Amino acid sequence: MATQHSRAAARLMISPAVLLLLGWMLIPLCMTLYFSFLRYNLLMPGMEEFAGWTNYRFFLTDPAFMDALVNTLLLVGGVLVITTVGGTLLALLLDQPFWGQGIVRILVIAPFFVMPTVSALVWKNMFMNPVNGLFGHLFHWLGLQPYDFLSQAPLMSIIGIVSWQWLPFATLILLTAFQSLDQEQLEAAEMDGAPALSRFWYIMLPHLARAITVVILIQTIFLLSIFAEILVTTNGGPGTASTNLTYLIYMQSLLQFDVGGGSAGGVIAIILANIVAIFLMRMIGKNLDA
Amino acid sequence: MGRITLEKVTKSFGEVNVIPPLDLEIDDGEFVVFVGPSGCGKSTLLRLIAGLEDVTSGDIAIDGTNATELAPAQRGLAMVFQSYALYPHMSVRKNIAFPMKMAKLPEDEQKRRIDAAAKALNLTDYLDRRPGQLSGGQRQRVAIGRAIVREPQAFLFDEPLSNLDAALRVGMRLEIMELHKRLTTTMIYVTHDQVEAMTMADKIVVLRAGHIEQVGSPLDLYHAPRNEFVAGFIGSPKMNLIKGEVARSHGAATIGVRPEHIGVSTTEGPWQGVVGVAEHLGSDTFIHVHQHGMGDEPLTVRVDGEFTVKHGDRIFLTPDETKMHRFDTNGLRA
Ligand SMILES: Nc1ncnc2c1ncn2[C@@H]1O[C@H](COP(=O)(O)OP(=O)(O)OP(=O)(O)O)[C@@H](O)[C@H]1O
Ligand SMILES: [Mg+2]
């Protein structure tokens, strides 16, 4: 009986928190849903009227939508590949004992503490600028024509910037995973005649599987909503070459003052994010089971 | 063939010298046990032989060829670790197959050896499980299975049974001895368990701080320990070491008498003392006897399980003169 009592008490105790969380999530969600069915333009306040599926139809048939969708997936996928592969290699390197290990580890983690807007600005002006940027100077020095990264390969450039930001996160998580690997397993594999590459493939990688899964899932959540880097560097252009879904929604609702269309975009983005999530969990979710 | 020779091998970790120059000869087919107190360098010595640590100086030869610079895999030795070191994400079958897969053995040969090992080690029903789903004893058997399929020159065991409970330990001990009899491959076995050392070894190597104190068969070490350290280390319970007046009257700086070589009587004998704690094992009883004039340490005496004494009783002891060990002032056997 005591347990039933305490369970009821526990429910009572946590209910304020649950209600708060529910309100926090549900109210904006419901409002977004509501707005998405309205003809709601900020330039014509007070003239909202029910619009049915029109907003959705416009958003989905907008040629920019397909571009944004592809860009979003490319951005997420590209950054994931670069950060997990690069992070694994970097973590492997940092796990070796060498002189100055402590300082190098801190330096490697540093980019994670730089705000996205700041790092994007630094990349845009100090590295990628064809006239003043370091890369421009490098090209000059090599006798080549400077390359205007942000207008000639805008999406790749943004993938590079975002990867630079997220590489430390992946490295850090994977480094702790490396450190938790039982050394005797590696020694046993060495005695069993496994060369370094096989030890990496058969012993280390399976051990890292769970950490890599965590890195991929967490990063996907954040990478689906990349915004500041695009706003600061390319403004989604040229054309829609670097527009992702988040940026498209921003353009719809705040640059074209179309709250209804933006909300419809938001709902579509939620649905797409869930599709990506289901897809990911299917692919790698089993790594999380103990 | 598994003849292993160590010549003037030393090992230092930075400034700390763990193994001073050490010579050791291990014959083909021998079961050699390294014993010694914790931290004396048993594991280090084993890892030097395995090639998992580099020697600081000296040479290691396996079957007459110099193996000092060889990588662990090329030495043809197999090691069983205390923590088993199984690969957790592979099934038992894949664990056992791993060394053969690395050696690129043909599939059917791999399968034949896995089946043979699984049968010998009672693992046939568990081949498709993961190590995490096995008991400690089963895991240990998988580790041994992974070692035997390689058909190595010699097996190296580093305290393989210390994570098992007492009953299982006895069983696994017998299995390893059985395995040795069957394969007649050289085995080097590290332990700090007295009983394991005495029962399993053809040859015991007693180590202290990296030094070899004595090498010999278990009974050699029991009957003729070369110095006080070996005398005190081999045998359970420990040999009684007595200094002072009593020792001098027997013509030595220190005398050693094993608990089983002291007669007990309630009426007469050259030594007398007061009964302290008595440990009843059923068949035997070990009595701790406190007495004056022979140091502060109580003497341990073995009596028959039927013999009854009470705490505080006065009893008389008669050491067996013929089985008494005499040591000089340097602790060496006189
Ligand atoms: N990697 C290392 N770096 C520095 N010192 C070490 C290292 N490995 C071992 N030692 C030292 O070498 C000595 C011998 O260690 P070893 O592990 O061989 O002892 P052991 O006889 O196996 O002890 P135990 O019975 O407790 O396992 C110890 O004093 C230990 O501190
Ligand atoms: Mg050890």
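Residues numbered from 1 in each chain as written. Chains lettered and ligands numbered in written order. Predicted model: local features only at pLDDT ≥ 70, side-chain atom pairs only at ≥ 80, totals over all residues. Heavy atoms only, no water.

- Looking at an unreviewed UniProt entry, one finds chain B named Multiple sugar transport system ATP-binding protein and attributed to Salipiger aestuarii.
- Quoted verbatim from the Sequence similarities (unreviewed entry) field of UniProt, the annotation for chain B is "Belongs to the ABC transporter superfamily." (UniProt positions renumbered as here; feature names shortened; annotations may be inferred.)

- Naming follows an unreviewed UniProt entry, where chain A appears as Sorbitol/mannitol transport system permease protein of Salipiger aestuarii.
- Per its UniProt entry, chain A bears the Sequence similarities (unreviewed entry) comment "Belongs to the binding-protein-dependent transport system permease family."

Looking at the pattern of salt bridges
- Tallied over the entire structure, the rule returns 19 salt bridges over all chains.
- Residues B:Glu228 and B:Lys243 are paired through a salt bridge, measuring 3.6 Å at the closest nitrogen-oxygen approach. With B:Glu228 in helix H8 (residues 228–233) and B:Lys243 in strand E11 (residues 240–243), this pair connects stretches of sequence that are 15 residues apart.
- Shared partners join several salt bridges into a network, and the residues in it are A:Glu187, B:Lys11, B:Arg47 and B:Glu53. (Salt bridge = Lys/Arg side-chain N within 4 Å of Asp/Glu carboxyl O. Helix = DSSP H or I, 4+ residues; strand = E, 2+ residues; numbered from the N terminus.)

Thoughts on the confidence of the model for chain B
- Residues at a pLDDT of 70 or more form 99% of chain B, whose mean pLDDT is 90.
- Two numbers describe this predicted complex: its pTM, 0.80, and its ipTM, 0.83. (pLDDT = per-residue confidence, 0-100.)

Looking at helix H8 (residues 154–179) of chain A
- In a regular helix each residue adds 1.5 Å, so 26 residues correspond to 38 Å; H8(A) covers 37 Å between its end C-alpha atoms and thus fits that length.
- Along its length, H8(A) reaches its greatest deviation from straightness, about 35°, at A:Trp166, and the proline A:Pro168 lies no more than four positions downstream. (Expected span 1.5 Å × (residues − 1). Bend = angle between axes of the 7 residues up to and from the residue.)

With respect to the interface of chain A and chain B
- Contact with chain A, which involves 16 residues of that partner, is made by 23 residues of chain B.
- Where chain A abuts chain B, roughly 1600 Å² becomes buried across the two surfaces, and 62% of that area is made up of carbon and sulfur atoms.
- Its largest share of buried area at the contact with chain B, chain A owes to A:Met191, A:Asp192 and A:Tyr202, together 43% of the area lost on that side.
- For the interface between chain A and chain B, the tally reads 3 salt bridges.
- When the shortest N-O distance is used, the salt bridge between B:Arg146 and A:Asp192 registers 3.7 Å.
- The tally of links from chain A across to chain B stands at 7 residue pairs in polar contact (both at pLDDT 80 or more).
- Among the elements of the structure, helix H9 (183–191) and helix H10 (196–223) of chain A are those that each provide at least two residues to the side of chain A that touches chain B.
- Here the side of chain A that touches chain B takes 7 residues from H9(A), the largest share from any one element.
- Among the residues forming the side of chain A that touches chain B, the class breakdown is 8 nonpolar, 3 polar and 5 charged. (Contact = heavy atoms within 4.5 Å. Buried area = accessible area lost by both parts, 1.4 Å probe. Polar contact = N/O pair within 3.5 Å; in protein donor to acceptor, adjacent residues only side chain to side chain. Nonpolar A, V, L, I, M, F, W, Y, C, P; charged D, E, K, R; others polar.)

Some remarks on the sheet that holds strand E8 (residues 186–190) of chain B
Residues and elements named next belong to chain B.
- The strand order across the open sheet formed by 6 strands is E6-E7-E8-E3-E9-E10, and the pairing between neighbours is mixed. Edge positions in the sheet fall to strand E6 (77–80) and strand E10 (211–216), since each has one partner strand and no second. If you compare each strand with its neighbour and ignore which way they point, the axes differ by 15° on average.
- Across 4 bridges, E6 lies against strand E7 (residues 154–158) in parallel orientation. (Pairing = 2+ DSSP bridges. Axes fitted to C-alpha atoms, helices over the stretch in contact; angles between N-to-C directions.)

Overview of the UniProt feature "transmembrane region" (unreviewed entry) in chain A
- Cross-referencing UniProt, the feature "transmembrane region" (unreviewed entry) maps to residues 12–37, 68–94, 106–123, 155–178, 208–228 and 259–281 of chain A in the present numbering.
- Structurally, residues 12–37 of chain A comprises 96% helix and 0% strand, and the distance from its first C-alpha atom to its last is 37 Å.

Digging into the side chain of B:Gln138
All names here are of chain B.
- In this structure, glutamine 138 sits in helix H4 (residues 136–148).
- What makes glutamine 138 buried here is its relative accessible area of 13%.
- With residues near it in sequence (within four places) discarded, glutamine 138 still touches Leu123 and Tyr126. (Buried < 20%, exposed > 50% of the residue type's maximum accessible area, 1.4 Å probe, protein only.)

Section: the sheet that holds strand E5 (residues 65–66) of chain B
Residues and elements named next belong to chain B.
- An order of E2-E1-E4-E5 is seen for the 4 strands of this open sheet, with the pairing classed as antiparallel. In the strand order of this sheet, the two ends are held by strand E2 (16–26) and E5, each with one partner.
- Two strands pair when backbone bridges link them, and strand E1 (residues 4–13) and E2 are joined in this way by 7 bridges, in the antiparallel orientation. Following the sheet pairing, isoleucine 4 is matched in E2 by isoleucine 26.
- The strands touched by helix H1 (residues 42–50) within the sheet are E1, E2 and strand E4 (57–62), with E1 carrying the most contacts at an inclination of about 120°.

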